[in-house]
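Residue-level structure breakdown
These are the residues of each chain, in order.
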Amino acid sequence: MSAAAHEPAAVETVEAVVRAQLARALGGRRGMVEAAVPTLVFTVLWLTTKDLTLAIASSVGVALVLLAARLVQRSTIQFVVNALFGIGIGWLFVHLSARGGGSADDQALAYFLPGILYNSVYSVLLAFSCLVGWPLVGFMVGSVTGDPTAWHSDRQVVRLCSRLTWVLVAPCIIRVLVQAPVWLSAKSGALDVDTAVAVLGVAKIVMGWPLQLAALGLMVWLLARNHTPLEQSVAEPEA
């Protein structure tokens, strides 16, 4: 019997596909720690020393130690690399602020700007994908089935994927609604920068993996309530 003959039995429902994809996306407790610790180090050091270079260098150093541990254990480095990438983008914004003549306070705020912009853009793109009827989660299904767009022929699958995509985008929208006003208030001088950095640092940690896991938990609950046959979304068109 050919390998292709076994494929339908391997993954029978859309829910099973999405659960498998979400499982790959999670880093467990360790992944959450790796994402949160560099931000925690930056926030604490900035508030206690007001030395931006030390705060950024220390957060990078901690991330590199976590990366080294992953390499020694030969486990996935995805989540540490994500943290390093985020720090690198933050440093770039700080550097640009410094070159533009920004004060130390401006530079500290610049560190948090990329995250706010990322979540804003991500929110718009995911919301737009739902509004136009091509929800992002649908392409997750397509990546497993081998046909990136066949799922769209089944309205039931599209509805399920739309609900899941809205749940996925919710944490990003919440982060923007909470963090953007704090950042703008500090930038305008209406809020003390130290207070803003503390709030942004804590918000970035609390609204990072914990909020994401809450959304994924809701997605799992939605998936447990539905059993949408995958073969409907990948059925080949009639001749």
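Residues numbered from 1 in each chain as written. Predicted model: local features only at pLDDT ≥ 70, side-chain atom pairs only at ≥ 80, totals over all residues. Heavy atoms only, no water.

Looking up the protein in an unreviewed UniProt entry gives the name DUF3159 domain-containing protein, with the organism given as Nocardioides taihuensis.

1. Re the UniProt feature "transmembrane region" (unreviewed entry) in the protein
Going by this rule: UniProt positions are given in the numbering used here, feature names are shortened, and annotations may be inferred rather than shown by experiment. Working definition: helices are DSSP H or I runs of at least four residues, strands are E runs of at least two. Numbering for both runs from the N terminus.
As annotated in UniProt, the feature "transmembrane region" (unreviewed entry) corresponds to residues 31-48, 54-72, 79-96, 116-143, 164-184 and 196-223 in the numbering used here. Counting secondary structure, residues 116-143 comes out at 86% helix and 0% strand; the distance between its end C-alpha atoms is 29 Å. In the segment residues 164-184, helix accounts for 100% and strand for 0%; the C-alpha atoms at its two ends are 31 Å apart.

2. Brief notes about unusual backbone geometry
Our working definition: Buried residues are those whose accessible area, probed at 1.4 Å on protein chains only, stays under 20% of the maximum for their type, while exposed residues exceed 50% and partly exposed ones sit between those limits.
In this structure, lysine 50 takes a positive phi of about 60 degrees despite not being glycine. Relative to the helices and strands, lysine 50 is located in the loop between helix H3 (28-49) and helix H4 (52-73). Residue classification places lysine 50 among the partly exposed residues on the basis of a relative accessible area of 41%. For arginine 74, which is not a glycine, the phi torsion comes out positive at approximately 55 degrees. Of note, arginine 74 is situated in the loop between H4 and helix H5 (78-99).

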